[in-house]
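So the chains spell out like this:
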Amino acid sequence: MSQLTQQQIGNIALLVENYDDAIAFYTQKLQFRLIEDTDLGDGKRWVQVSPPNSNGTHLLLAQASTNEQSKFVGNQTGGRVFLFLQTNDFWRDYLRMRKNGVVFNEEPREESYGTVVVFQDLYGNKWDLLQLNKV
């Protein structure tokens, strides 16, 4: 009898200009937790951050090390929303993020699926802050 396949996405790589600036943004402005910051030598680090109480998927902050990589910092998806930060209390998180200086591209809006607003990380990548409607 074969075992069920169990997989999950462990990390999503996010190109950044500077490890320390990115860590500060995610931990101070978004209240993410620093999961790991390991020096790999030659200026490289293994840096993982994650929202509080997340399910195990982390952002792997990858400092751009070539000109080609640097071109994509802040524009990993060609200007589309890149990541979706789901919350159980939209207004708590929205107000805290505003107070912390996070840049929002619009006013919050109610959609058929929930409450959402687009914001930017420190490099301009677009995110959705999203609270899904309960079914």
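An unreviewed UniProt entry lists the chain under the name VOC domain-containing protein, from Vibrio inusitatus NBRC 102082.

A. How the structure looks around the environment of Lys 71. Turning to its location among the elements, Lys 71 is positioned in the loop between helix H2 (67-70) and strand E5 (81-86). Under the relative-accessibility criterion, Lys 71 is labelled exposed at 58%. When the C-alpha positions of Lys 71 and Leu 15 are compared, they lie 9.7 Å apart, and in sequence the two are 56 residues distant. In this structure the side chain of Lys 71 is engaged in a polar contact, spanning 3.2 Å, whose partner is the side chain of Glu 68.

B. The sheet that holds strand E2 (residues 33-41), seen in detail. Strand order in the open sheet formed by 4 strands is E1-E4-E3-E2, with mixed pairing between adjacent strands. Looking at strand neighbours, the two that pair on one side only are strand E1 (11-16) and E2, the edges of this open sheet. Each strand axis lies, on average, 25° off the axis of its neighbour in the sheet, ignoring direction. Where E1 lies against strand E4 (residues 58-63), 6 bridges are found, and the strand directions are parallel. Across the sheet, the residue bridging to Ala 13 is Leu 60, located in E4.

C. Expanded view of the UniProt feature "domain: VOC" (unreviewed entry) in the chain. Following the UniProt record, one finds the feature "domain: VOC" (unreviewed entry) at residues 8-132. Along residues 8-132, the helical share is 20% and the strand share 42%, with 21 Å between the first and last C-alpha atoms.

D. Structural detail: the packing of aromatic side chains. Applying the stated criterion across every chain, the model contains 10 aromatic pairs. On the numbers, 5.6 Å between centres and 90° between planes, the contact of Trp 91 with Tyr 94 is edge-to-face. Here Tyr 94 and Trp 91 lie together in helix H3 (residues 90-99), a separation of 3 residues that amounts to about one turn. With relative accessibility at 4%, the residue Tyr 94 sits in the buried group. Among the aromatic side chains, those forming a connected cluster through ring pairs are Phe 25, Tyr 26, Phe 32, Phe 90, Trp 91, Tyr 94, Phe 104, Phe 119 and Trp 127.

Calculation criteria
Residues numbered from 1 in each chain as written. Predicted model: local features only at pLDDT ≥ 70, side-chain atom pairs only at ≥ 80, totals over all residues. Heavy atoms only, no water. Helix = DSSP H or I, 4+ residues; strand = E, 2+ residues; numbered from the N terminus. Buried < 20%, exposed > 50% of the residue type's maximum accessible area, 1.4 Å probe, protein only. Polar contact = N/O pair within 3.5 Å; in protein donor to acceptor, adjacent residues only side chain to side chain. Pairing = 2+ DSSP bridges. Axes fitted to C-alpha atoms, helices over the stretch in contact; angles between N-to-C directions. UniProt positions renumbered as here; feature names shortened; annotations may be inferred. Phe/Tyr/Trp six-rings, centres within 6.5 Å; stacked < 30°, edge-to-face > 60°.

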